[in-house]
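Structural features, examined
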Amino acid sequence: MQEFDLVIIGGGPAGLAAAVAAKEQGIENLLILERENKLGGILNQCIHNGFGLQVFKEELTGPEYADRFINLVKEKKIRYKTNTMVIDLSKDKLITAVSKTDGILTIQAKAIILAMGCRERPRGALNIPGARCAGIFTAGTAQKFVNIEGMMPGKNLVILGSGDIGLIMARRMTLEGAHVNAVVELMPYSAGLTRNIVQCLDDYEIPLKLSHTVTNIVGKDRLEGVYIAPVDENRKPILAEEEYIPCDTLLLSVGLLPENELSKKASVKLSPITGGAEVDEGRETNVDGIFACGNVLHVHDLVDNVTEESYIAGKAAVKYLKGLRIQSDRIEVKAKDGARYVVPKYINPRNIEKSLDLSFRVKDIYKDHYLSVYFDDSRAIHHKRKIMAPGEMQTVKITSEMLNAHSLCSEISIVIEKE
Amino acid sequence: MEQRALICIGCPMGCRLEVTIENSQVVDVTGQSCKIGNTYAVKECTNPTRILTTTVEVENGYPEVASVKTERDIPKGKLLECVKELKKIKLTAPVHIGDIVLEDIANTGVRVVVTTNCDLVDK
Ligand SMILES: Cc1cc2nc3c(=O)[nH]c(=O)nc-3n(C[C@H](O)[C@H](O)[C@H](O)COP(=O)(O)OP(=O)(O)OC[C@H]3O[C@@H](n4cnc5c(N)ncnc54)[C@H](O)[C@@H]3O)c2cc1C
Ligand code: SF4
């Protein structure tokens, strides 16, 4: 059995940034475990640009962004093992992994950072009726085919769900010569960024059918077509207006789910809303010494935010290892009226040096509404925001002065208010 | 006179803009909530540009294709022509981030560079 101070599970942007932060804070004996043959995570297949505006102040593609961090990891001589998949984790921080070269490995860690990212919702999670034929992929799987393997999953497509990966793939497949008939979205608004609607759909005259869904799938061995229909305000399909679209491929871009099977094995408590762990301000879970960051914690829109969050987790893990984290007197943070969730869920005020950013998502589109933060019944923040949309993560800063002024408070809440 | 409907991408508001164009000049923009909307409308209606990202085949490499980008934005109307030109190219592994694929794509004066590292693999 090997022993490490800190083991990071997952070598995507979250794991890499957490490792860099921990090393910078003086931890030498650390290890990154990654199941793929290369570090960088999902970014390796996201070849479009738009990454890194916040962290590097320039627009990079996914693989370039990943490469910056891979180089930092190498420069700082941080140890990592690729082709190594963690299969078990206990709450005492005992890790079991399998690797092509070493077989089964057991590693005892003093602290662990979970950075396993997320995966896409498969068809099973959706309950679309119809044939079980070939030609149905998640958008991310198709992205890997095209951008890594250089293979086209099909020629004539329909995309269900207007998440960013679906929009990006609509453009990508068009550039590769395929025909995209439509992007079909159940909600009355897109889940993706406006920029992607304009530059991935409008530029190529690909129709976006809002308030529509796929009602049936036709095909024997290979997909032959799909039926789509508009939905009413209760999201029930209006079958009288059903329409048939012949196609050989259906891509699903219907949401991402944090990948938390390992976390469950270690008795990490998960939030029913985010699917990720419930953490405090240092991104420490309910299990002593186990931290989480990146998409395994909650799904981020921008990798820049993943990087920032992972620095926080990396630094906090070092404080934990040095016995400098304070665990008592934590305050619960709640998302209320209009706010869907907030990370972190707990704050230990004595761990906050200057300020702390709360990240949250709203339930609906709110224009000209106020974002308020209450310490019990006292409103400390009341900011008007031009727009808050479910597709864009919001942040709000609370300062140590605010925390000091409300030192006896038992709960902090985020509320979206009309006035 | 011509009317065009656009969505501003300047911020998440996504204002719906109505642009009036006369003799290829933008003469009026309505629907914007701030000045960025004006600038965006003028650029989109007179000289729309995009960065192109796509892949190029790599012999004996993994990934089996190399992702590439135009170093600067190019006229939107040339995107498909550029993709066609890049389809004819085959690189040989290994290739590295920053390697130049083409000095001047489709007479735009813009370089195309590699954005990923492809290692040489034995097949
Ligand atoms: C298909 C897809 C496309 C996306 N496209 C974009 C985009 O265009 N722009 C954007 O900003 N964001 C995009 N995202 C979101 C993107 O995931 C994040 O921005 C960022 O990559 C998250 O970083 P991460 O390190 O948390 O996760 P990931 O990048 O997913 O990295 C997690 C890593 O953990 C490894 N891992 C998981 N389980 C184990 C295990 N048991 N043992 C060992 N290793 C393990 C995985 O192999 C992976 O390398 C996309 C997400 C997906 C799923
Ligand atoms: S016009 Fe201004 S407010 Fe409206 S989307 Fe553009 S940048 Fe945002």
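Note that the structure is predicted; figures quoted are calculated from it, not measured. (Residues numbered from 1 in each chain as written. Chains lettered and ligands numbered in written order. Predicted model: local features only at pLDDT ≥ 70, side-chain atom pairs only at ≥ 80, totals over all residues. Heavy atoms only, no water.)

**Observations concerning the overall build of chain B**
- Per the secondary structure count, chain B includes two helices and 12 strands.
- In chain B, the succession of helices and strands from N to C terminus is β-β-β-α-β-β-β-β-β-α-β-β-β-β.
- By the compact-globule yardstick of 14 Å for 123 residues, chain B is too spread out, its C-alpha radius of gyration being 19 Å.
- Dimensions of chain B, computed from the C-alpha atoms along their principal axes, are close to 60 × 30 × 20 Å.
- Evaluated residue by residue, chain B yields a buried proportion of 43% over its 123 residues.
- Of the contacts formed within chain B by residues at least 6 apart in sequence, a portion of 45% connects residues at least 24 apart.
- Once the 15 positive and 17 negative side-chain charges of chain B are each reduced to a mean point, those two points are 3 Å apart. (Helix = DSSP H or I, 4+ residues; strand = E, 2+ residues; numbered from the N terminus. Rg over C-alpha atoms; globule rule 2.2 N^0.38 Å. Buried < 20%, exposed > 50% of the residue type's maximum accessible area, 1.4 Å probe, protein only. Contact = heavy atoms within 4.5 Å. Lys, Arg positive; Asp, Glu negative; His and termini not counted. Charge placed at Lys NZ, Arg CZ, Asp CG, Glu CD.)

**With respect to the domain arrangement of chain A**
All names here are of chain A.
- We note that the domain assignment places domain 1 (1-121 + 256-325), domain 2 (131-254) and domain 3 (327-419) within chain A.
- The gap between the C-alpha centroids of domain 1 and domain 3 is 26 Å.
- With both chains or domains summed, domain 1 and domain 3 bury close to 1500 Å², and 48% of this area falls on carbon and sulfur atoms.
- By the criterion of area lost to domain 3, the three top residues of domain 1 are E281, H298 and D301, representing 33% of everything that side buries.
- At the junction of domain 1 and domain 3, the tally comes to two salt bridges.
- With a closest N to O distance of 2.9 Å, D301 and R361 form a salt bridge.
- One can count 10 residue pairs in polar contact (both at pLDDT 80 or more) joining domain 1 with domain 3. (Domains from an automatic or database assignment. Buried area = accessible area lost by both parts, 1.4 Å probe. Salt bridge = Lys/Arg side-chain N within 4 Å of Asp/Glu carboxyl O. Polar contact = N/O pair within 3.5 Å; in protein donor to acceptor, adjacent residues only side chain to side chain.)

**Observations concerning the site of ligand 1**
Residue and element names in this part refer to chain A.
- Close contacts around ligand 1 come from 32 residues, with A14, E34, H48, N295 and D301 the closest.
- In the environment of ligand 1, a nitrogen atom lies 3.2 Å from a nitrogen or oxygen atom belonging to the backbone of R35.
- Here H48 contributes a side-chain N or O atom positioned 2.6 Å from an oxygen atom of ligand 1.
- Look at ligand 1: alone it shows 970 Å² of surface, and the protein chains cover 94% of it.
- The greatest single-element share of the shell around ligand 1, amounting to three residues, is contributed by strand β6 (residues 84-89).
- Across the shell around ligand 1, the residue classes break down as 16 nonpolar, 12 polar and four charged.
- When residues are assigned to domains, the shell around ligand 1 turns out to be shared by domain 1 (1-121 + 256-325) and domain 2 (131-254), each giving three or more. (Near = heavy atom within 4 Å. Areas by Shrake-Rupley, 256 points an atom, 1.4 Å probe, with all protein chains shown as cover. Nonpolar A, V, L, I, M, F, W, Y, C, P; charged D, E, K, R; others polar.)

**Overview of the pairing of strand β25 (residues 378-388) of chain A**
Residues and elements named next belong to chain A.
- Judged from the nine bridges that link them, strand β24 (residues 366-375) and β25 form a sheet pairing that is antiparallel. The residue of β25 that forms the bridge with Y366 is M388.
- Count of turn residues in the β24/β25 antiparallel hairpin: two residues, of which D376 carries a positive phi of about 50 degrees. (Pairing = 2+ DSSP bridges.)

**Description of the sheet that holds strand β26 (residues 394-399) of chain A**
Residues and elements named next belong to chain A.
- Strand order across the open sheet formed by three strands is β21-β23-β26, with antiparallel pairing between neighbours. Looking along the sheet, the strands with just one partner apiece sit at the ends: β21 (339-343) and β26. When the angles between neighbouring strand axes are averaged without regard to direction, this sheet yields 30 degrees.
- In this structure, β21 lies alongside strand β23 (residues 355-362), joined through four bridges in antiparallel fashion. Its bridge partner lying in β23, V342 is registered against F360. (Axes fitted to C-alpha atoms, helices over the stretch in contact; angles between N-to-C directions.)

**What about the sheet that holds strand β9 (residues 90-92) of chain B?**
Residues and elements named next belong to chain B.
- Pairing is mixed in the open sheet, where five strands are placed in the order β9-β5-β7-β11-β10. On the outer flanks of this sheet lie β9 and β10 (100-102), each paired with one strand and no other. Each strand of the sheet is rotated relative to its neighbour by a mean of 45 degrees, with strand direction disregarded.
- Sheet topology note: the β10/strand β11 (residues 112-114) ladder contains two bridges and is antiparallel. Bridging across to β11, I100 finds its partner in V113.

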